[in-house]
Amino acid sequence: MNVRRRILICSASAVAMASFAAPAFAADTAKSDDTVSEVVVTGFRESLQRAIEIKRQNIDQVDAISSSDIGKLPDKNVADALQRIPGVNISSAASGEGGFDENDRVSIRGTSPSLTQVTIDGHNVATGDWFILDQFQTVGRSVSFTLLPSEIVASTVVYKSQDAALLEGGVSGIVDIITRKPLDFSKTLTIQGQAEAAYNSLSGATKPQLSGLISWHNEDKTFGVLAQAFYEDRSVRRYGQETLGYTSITSAMPIGAAHPELIGVQAPTLIGSSLFEQEKTRKGGDFAVEWRPSDRAEFTLNGFYSKLTATNINDNYMYWGNRELARNLPTSYTVKDNTLTQAAWPTVAAISPFNPAFGGTPVEGIIVDNITRPNANAYTYYVNLDGKFKVTDKLTATTQIGYTQGVGNTPSAPSFEVDAVDGVSYAPSGNGWQVTPNSINPQSPNGLANAWSWNETFTALDKEIYGKVDADWEIGDGVFKDVSFGFHASDHTRQVDGWDRGCTLGANGACFGSPAMPFSAVHPVPYPSGYNAGALGIPGLLLPIAGDATTIGNLINAIPGGVRGPISAIHTPQNYYWTGSFKISEQDYSGYVMAKVGGEGWRGNFGVRIVDTRENAFVNVSDPTATPGHPNNPGDIFSSAYGPYYVDHVTHNYVDILPSLNFTFDLKPNLFLRVSAAETMSRPDYSALGGTVSLNDLTLTGNGGNADLKPVKATVFDAALEWYYAPSSIATISVFYDNLSSYVTFGNHSAVFQDQFLTKNNVPDFETYVISSPSNTTGELKGVELQVQQPIGMGFGFQTNMTYVEGHDASGAPLVGTSKFTGNIVGYYENAWLSARLAYTYRSHFFVGLDRSAQENEAGNGQLDMSVNVTVTPNITFSVDALNMTNTLLKYYAANPTQVRAVYNNGTQVYAGVHVKF
């Protein structure tokens, strides 16, 4: 069984289109009975024809993308390219931060990205997130594709059916990224490189993109070395309006007491106009050393490192709905779809009959945040050693051992908040809300007063050591072809630690005495003229007060006594942000046995995988009464500025038995039927198991975890009919059903925490927060995939596919990540020197999850991309790629489209450059 991961090496122009095609472009790289050592093709249609032949040989259902040369994957991001495969969805946000310009997560057949197993060369890869909320909220096991540039990819295989030899962790599928190896190359010495310019239509900036590869092996291909490096810089700008949550009107609110018919109506808590700006630099590289000392032994040592530095600043000018609802009474309002869609609040609160404590006191209806995160970053790396040994003529053993580590890091976040004592009104307008202050000028600091300043640091460490031994025993030519078996073990740790320090910016906060912090010294900068109704379709949009990030950081870090002071000063027990900190230690052990069978007109495999999961969660639990002697940790009560807490050590041990079978039947020479069934499982997010709680003092909401979550399990059935009706054509239909016997859903509960905003002069103030947290339930998924690829003639052709999925949990609520409809259509043209394609992808709306205790759905959207490659010589190719040519807006809503959550404009990205190879 000599199946190497270097299959599907195509020409540069062929790859520009071929990896968008619906059919698979890889054989079963781990388990095919047929030997496929190398596929060399010279044109697009020839590559499609060979890919069809490889697909016909598979037992498992796989699809793939591939690239022969660095920088020639037909999308600038691996996740972008994967979305062209039927049944694969991508998203440009990890959780509730809203979508950015680069796709970040991948999911399969309507499941959450956290339920998709992502591996590199068959092993796990640690990950990190640059965005602070993703460092400790429920993102968990999903891998950030922003750390995985397309330059490292030889091919990426998507498994849609499970067999016993595959690493567990994917409920509906597995994505395996296959890297380049030196013995894959036909030439003794190979040199490749690319130089491009990346342009963002909103920032107006052009940045360099550079990568290079050198590979060498000896004449007899017994020893080879490969090294490559990449440096990619981009300037990002995002315009947005965000509604940061909804809350139910209660009788304790003035509006609820005066109008009981409004009790239970949902009202927006914060409506903000935000400007996000970022300098994003990704750099790193990988290496591989291959050695074949004999025809019975082979060793591969390889490693990878990628670091993304993502300095960013976010300005947000907001209507403070929580404060108005709690202390004020509107002069007018409108209700639609159980939502307070319009309200006008007076400048001076007239609420003494309802809340005497605030009667006649002006309410801060406006609040402005200026958040900077200099040098926010994330990195990942691994070192891996593979061995392959021909023990006997019938028995082959493979081994793998390695270490991987990822980190998401926010080294500092000097930020400030100011507010305005002013009435305000809001109403629907275009794609969002029009917010109008009663008297202050939203484009001027006049009327704004100091409120709060803070600085925080977070580090999310993700690391794993792993190893496995597999063996394959070839039996003979009967029904039983061979038997494979193996054992895998890993020790994984996810640890998040945060420190945070804040203070009020006035005499009562002991942060600034007199004079108060001169926030006007931030030096407001002009806003781009396009940031208005033309950019977001919201007439009358507020313009935040932009600031220079360096000045903000210097100003806040220089506060006497320090919101931060020296970097080391914040790392004290008093500043430990225990609500967002946790540690998970997990040991996973698995073993399997699988038989491969076949006969005239049929082939298959069946087996079982047994998985042992051992969890140790160290969860920080709020204890407002500071009660000593808690049974889970007697006598250990800790405290910080965020209140007293204890550490709860929660342990669980799960054993899962995962049988599987896959069969392919040749109904006719060109008509195949594939059937499969399997038990699959995935473990809950690390951050969910860690019980971490993220609080928002402005809305009295938060996101939390649940250390008692059980693994997600499913019984998965799949059937596919494949018709190879012409040498370069294919039409397929696949149906699938997933019975989720254990699933993770989201709900709300109340808990008491210390309110940092209301805690003054070291006098703690405890408030009840609405916390959204996960819990176990059941559910189901079912759907159908269709795909067609067809050359038309004269160099033209097309590929198209669509996926329809229905999914819900036991209560009928939608599953996280399920879009009912996803479709792709790609048109291409190719001749000897030119290849061009247009690719359109549409994804219908899907449930993102709970953010700040309110539902978040992303509305359906489509995107048009283009690529053109011009081959000047066999060694030189010029290329132009344009992403999001339609400048599609990303829109989000809560329970229904009336409850707008956000709308973002990320602009269009254009890449142009030259590719060389020798």
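What counts and how
Residues numbered from 1 in each chain as written. Predicted model: local features only at pLDDT ≥ 70, side-chain atom pairs only at ≥ 80, totals over all residues. Heavy atoms only, no water. Helix = DSSP H or I, 4+ residues; strand = E, 2+ residues; numbered from the N terminus. Buried < 20%, exposed > 50% of the residue type's maximum accessible area, 1.4 Å probe, protein only. Areas by Shrake-Rupley, 256 points an atom, 1.4 Å probe, with all protein chains shown as cover. Polar contact = N/O pair within 3.5 Å; in protein donor to acceptor, adjacent residues only side chain to side chain. Contact = heavy atoms within 4.5 Å. Pairing = 2+ DSSP bridges. Phe/Tyr/Trp six-rings, centres within 6.5 Å; stacked < 30°, edge-to-face > 60°. Lys NZ or Arg CZ within 6 Å of the ring centre and 35° of its normal. Core = buried A, V, L, I, M, F, W, Y, C linked by side-chain atoms within 4.5 Å. Patch = residues over 30% accessible without salt bridge, like charges linked within 9 Å, V, L, I, M, F, W, Y side chains within 5 Å. Salt bridge = Lys/Arg side-chain N within 4 Å of Asp/Glu carboxyl O. pLDDT = per-residue confidence, 0-100.

1. Considerations on the overall build of the chain
Inference 1: Helix and strand content of the chain: eight helices and 44 strands.
Inference 2: Looking at the chain as a whole, 62% of its 918 residues are labelled buried.
Inference 3: Carbon and sulfur atoms provide 59% of the accessible area of the chain, an area that totals close to 31,100 Å².

2. Side note on unusual backbone geometry
Inference 1: For D337, which is not a glycine, the phi torsion comes out positive at approximately 50°.
Inference 2: Relative to the helices and strands, D337 resides in the loop between strand 15 (332-336) and strand 16 (339-344).
Inference 3: The class for D337 is partly exposed, based on a relative accessible area of 43%.

3. Quick look at the side chain of D462
Inference 1: Positionally, D462 belongs in strand 23 (residues 449-474).
Inference 2: In this structure the side chain of D462 is engaged in a polar contact, spanning 3.1 Å, whose partner is the backbone nitrogen of T127.
Inference 3: The residues touching D462, leaving out its near neighbours within four places in the chain, are A126, T127, T404, Q405, G406, H492, T493, R494 and Y686.

4. Brief notes about the sheet that holds strand 6 (residues 153-159)
Inference 1: Spatial strand order, 1-6-7-4-5: five strands in an open sheet with mixed pairing. Of all the strands in the sheet, the pair left with one neighbour each is strand 1 (62-66) and strand 5 (123-124).
Inference 2: Judged from the four bridges that link them, strand 4 (residues 117-120) and strand 7 (residues 174-179) form a sheet pairing that is parallel. Along strand 7, the bridge assignment pairs Q117 with I174.

5. Some points on the environment of T613
Inference 1: In this structure, T613 sits in strand 26 (residues 602-622).
Inference 2: Assessed through its relative accessible area of 0%, T613 is described here as buried.
Inference 3: Note: C-alpha distance between T613 and H652 (39 residues apart in sequence) is 8.0 Å.
Inference 4: Apart from the residues lying within four places of it in its own chain, the contact partners of T613 are E586, Q587, D588, H652, N653, Y654, M681 and R683.

6. A closer look at the packing of aromatic side chains
Aromatic rings considered in pairs are described by the distance between their centres and by the relative angle of their planes.
Inference 1: Within the structure shown, the criterion is met by 27 aromatic pairs.
Inference 2: Between the aromatic rings of Y426 and W433, the centroid separation amounts to 5.5 Å while the plane-to-plane angle is 85°, which identifies the pairing as edge-to-face.
Inference 3: The class of Y426 is buried, set by a relative accessible area of 2%.
Inference 4: Take W433: its relative accessible area is 1%, and that puts it in the buried class.
Inference 5: In this arrangement the basic side chain of R238 is found over the ring face of Y904, its NZ or CZ atom lying 3.8 Å from the centre.

7. Re the nonpolar core
Inference 1: Membership of the largest hydrophobic core comes to 46 residues, with the highest contact counts inside it found for W130, V712, L740 and Y743.
Inference 2: The element contributing the most residues to this core is strand 33 (residues 729-754), with four residues.
Inference 3: The contacts of W130, once residues within four sequence positions are left out, are F100, Q135, T146, F276, Q278, L308, A310, N312, A376, N377, A378 and T410.
Inference 4: Formed by 31 residues, the second largest nonpolar core is a distinct cluster that contains I255, I313, I366 and V900.

8. Section: a nonpolar patch on the surface
Inference 1: A grouping of L189, I191, I214, W216, F223, V225, W291 and F918 is seen on the molecular surface, where their side chains present a nonpolar patch of about 740 Å² in accessible area.
Inference 2: Put simply, the parts of the chain that give the nonpolar patch at least two residues each are strand 8 (189-200), strand 9 (206-217) and strand 10 (223-243).
Inference 3: Examined against the element boundaries, W216 turns out to sit in strand 9.

9. Let's talk about the environment of T745
Inference 1: Residue placement: T745 occurs in strand 33.
Inference 2: Overall, T745 belongs to the buried group, its relative accessible area being 15%.
Inference 3: Here the alpha-carbon distance between T745 and S773, two residues 28 residues apart in the chain, equals 8.3 Å.
Inference 4: Sequence-distant contacts of T745, defined by excluding residues within four places in its chain, comprise S773, P774, S775, T777 and D809.

10. Remarks on the pairing of strand 18 (residues 377-390)
Inference 1: Here strand 14 (residues 297-320) runs beside strand 18; their pairing, made up of 13 bridges, is antiparallel. Looking across to strand 18, one finds that A297 is bridged to F389.
Inference 2: In terms of strand pairing, strand 18 meets strand 19 (residues 395-410) through 14 bridges, oriented antiparallel. Paired with L385 across the bridge in strand 19 is I401.
Inference 3: Between the antiparallel neighbours strand 18 and strand 19 lie four residues.

11. Quick word on the pattern of salt bridges
Inference 1: Per the stated rule, a full pass over the model turns up 32 salt bridges.
Inference 2: One network of salt bridges, with partners in common, ties together D101, E102, E232, R234, K280 and R282.

12. Some points on the confidence of the model for the chain
Should the pLDDT be low somewhere, the predicted coordinates at that spot are not to be read in detail.
Inference 1: Summarising the model, the chain shows a mean pLDDT of 83, and 81% of its residues fall at 70 or more.
Inference 2: In this model, residues 1-43 is a region of pLDDT below 50 whose contacts with residues beyond four sequence positions or in other chains number 151 contacts.

13. Description of the environment of G98
Inference 1: Relative to the helices and strands, G98 resides in the loop between strand 2 (88-91) and strand 3 (105-108).
Inference 2: Judged by its relative accessible area of 1%, G98 falls in the buried class.
Inference 3: Residues G98 and R901, spaced 803 residues apart in sequence, show a C-alpha to C-alpha distance of 9.6 Å.

14. Let's talk about the side chain of T372
Inference 1: Within the secondary structure, T372 sits in strand 17 (residues 366-373).
Inference 2: We classify T372 as buried; its relative accessible area is 1%.
Inference 3: There is a polar contact of 2.5 Å between the side chain of T372 and the backbone oxygen of P414.

15. Comments concerning the pairing of strand 15
Inference 1: When strand 15 meets strand 16, the two strands line up antiparallel, connected through five bridges. In the strand pairing of strand 16, K336 is matched with T339.
Inference 2: If you look at the hairpin formed by strand 15 and strand 16, you'll find two residues sitting between the two strands, and D337 has a positive phi there, around 50°.

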